Amino acid sequence: MLELRSVDAGYGTFQALFGINLDVRAGEAVGVIGPNGAGKTTLMRVISGLIRPTKGTISMEGRDVVATAAHRIVDLGIAHVPENRRLFPRLTVDDNLKMGAYMPGARAKYSERLEFVFDLFPRMKERRSQMAGTLSGGEQQMCAIGRALMSDPKLLLLDEPSAGLAPVVVQQVFELVKRIRSGGLTVLIVEQNVQQVLKVVDRAYLLEAGTIRASGTSEEMLSTDTIKQAYLGV
Ligand SMILES: Nc1ncnc2c1ncn2[C@@H]1O[C@H](COP(=O)(O)OP(=O)(O)OP(=O)(O)O)[C@@H](O)[C@H]1O
Ligand SMILES: [Mg+2]
């Protein structure tokens, strides 16, 4: 479904990603793990068109992502839940969700999508007229994921959905990822929470200093010595 080949990317003269090759097949959940500053967020940004690769190719279902205007990448079926959620704090939950359905295609399906999101997150329905900035951390994450789902994506990019949440809420977020996933959506998820994320993904990539250092099934990753030592503390 998603294919990155030899992708380089960065900011100005600073190169953050080096020759990234990555695949996500339809229906899979794939994790990206790695330390702070490894380039995980940059990788998500380059897939959703927020920044452009300086080299290499990215395709989504055979269509060229790099040649697609940033605001049209949603039309390719890619939705991005950014790091730190980036909700509109002074807008209501309803209005934040509406922002996720701005393209014509999604607008037509608006009520249907809203119902889908409220089904997935009954809490959001209860809180629909509350300002997003006053939601709890876990609720804000639901709102951010809900907003991304409003565009009816095929591929959901999640950048550290569990960051800053209490352990019990972290658990709920991973349950949620499982549910979204079993609904047939393809997921690419960045996480610091290596132990947890490897329980919900099929495969994962280890990104260090802008380079893919290892990749494999969750089981393979769990038994890799470098991952055990550096990320699992065993
Ligand atoms: N807008 C920017 N301008 C310049 N450099 C940037 C910018 N954003 C990120 N970088 C740099 O790119 C590198 C990769 O950053 P990135 O945010 O992708 O890391 P990350 O793996 O997501 O880290 P974290 O786990 O802390 O979120 C870092 O060295 C960072 O300082
Ligand atoms: Mg990041």
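Structure report, in brief. Sequence order as written defines residue numbering, which begins from 1 separately in each chain. Here the convention is simple: chains get letters from A, ligands get numbers from 1, in the order in which they are written. Residue-level local features of this predicted model are given only where pLDDT is at least 70; pairs of side-chain atoms are given and counted only at 80 or more, and the full residue set underlies all totals for whole chains, interfaces and linings. Side-chain measures were taken over the full set of non-hydrogen atoms in the model, leaving aside hydrogen atoms and water.

All right, on to the pairing of strand E9 (residues 203-208) then. Partly exposed describes any residue whose relative accessible area lies between the buried limit of under 20% and the exposed limit of over 50%, with all areas from a 1.4 Å probe on protein chains only and scaled to the type maximum. Secondary structure is summarised from DSSP: a helix means a run of H or I of at least four residues, a strand means a run of E of at least two, and numbering begins at the N terminus for each. Counting buried positions along E9 gives five out of six residues, so the element sits mostly inside the fold. Two strands are said to pair when DSSP picks up at least two bridges between them. Bridge count for strand E3 (residues 29-33) against E9 is four bridges, and the pairing is parallel. If you follow valine 32 over to E9, its bridge partner there is tyrosine 205. In this sheet, strand E10 (residues 211-217) lies alongside E9 in antiparallel orientation, the contact comprising six bridges. The residue of E10 that forms the bridge with leucine 206 is alanine 214. Linking two consecutive strands that pair antiparallel, namely E9 and E10, is a turn of two residues; a positive phi of about 50° is found at alanine 209 within it.

Moving on to the coordination of the magnesium ion (ligand 2). Tetrahedral coordination by four donors places them ideally at 109.5 degrees to one another around the metal; octahedral coordination by six donors ideally gives 90 or 180 degrees. Within the protein, the magnesium ion (ligand 2) binds to Thr41 (OG1) and Glu83 (OE); these donor distances fall in the range 1.9 to 2.4 Å. With threonine 41 in helix H1 (residues 40-47) and glutamate 83 in the loop between strand E6 (78-81) and helix H2 (93-99), the pair connects residues that are 42 residues apart, well separated along the chain. Threonine 41 gets classed as buried once you look at its relative accessible area, which sits at 14%. For Na, K and Ca the donor cut-off is 3.2 Å, and for all other metals it is 2.8 Å, counting N, O and S atoms only; because water is absent from this set, sites may look incomplete.

Bridge analysis of strand E1 (residues 2-11) against strand E4 (residues 55-60) gives five bridges, and the strand direction is antiparallel. In the strand pairing of E4, glutamate 3 is matched with serine 59. By the bridge criterion, two bridges tie E4 to strand E5 (residues 63-64) in an arrangement that is antiparallel. Across the sheet, the residue bridging to methionine 60 is arginine 63, located in E5. Two successive antiparallel strands, E4 and E5, enclose a turn made up of two residues, where glutamate 61 displays a positive phi of approximately 45°.

No statement about biological role is implied by the geometric values presented.
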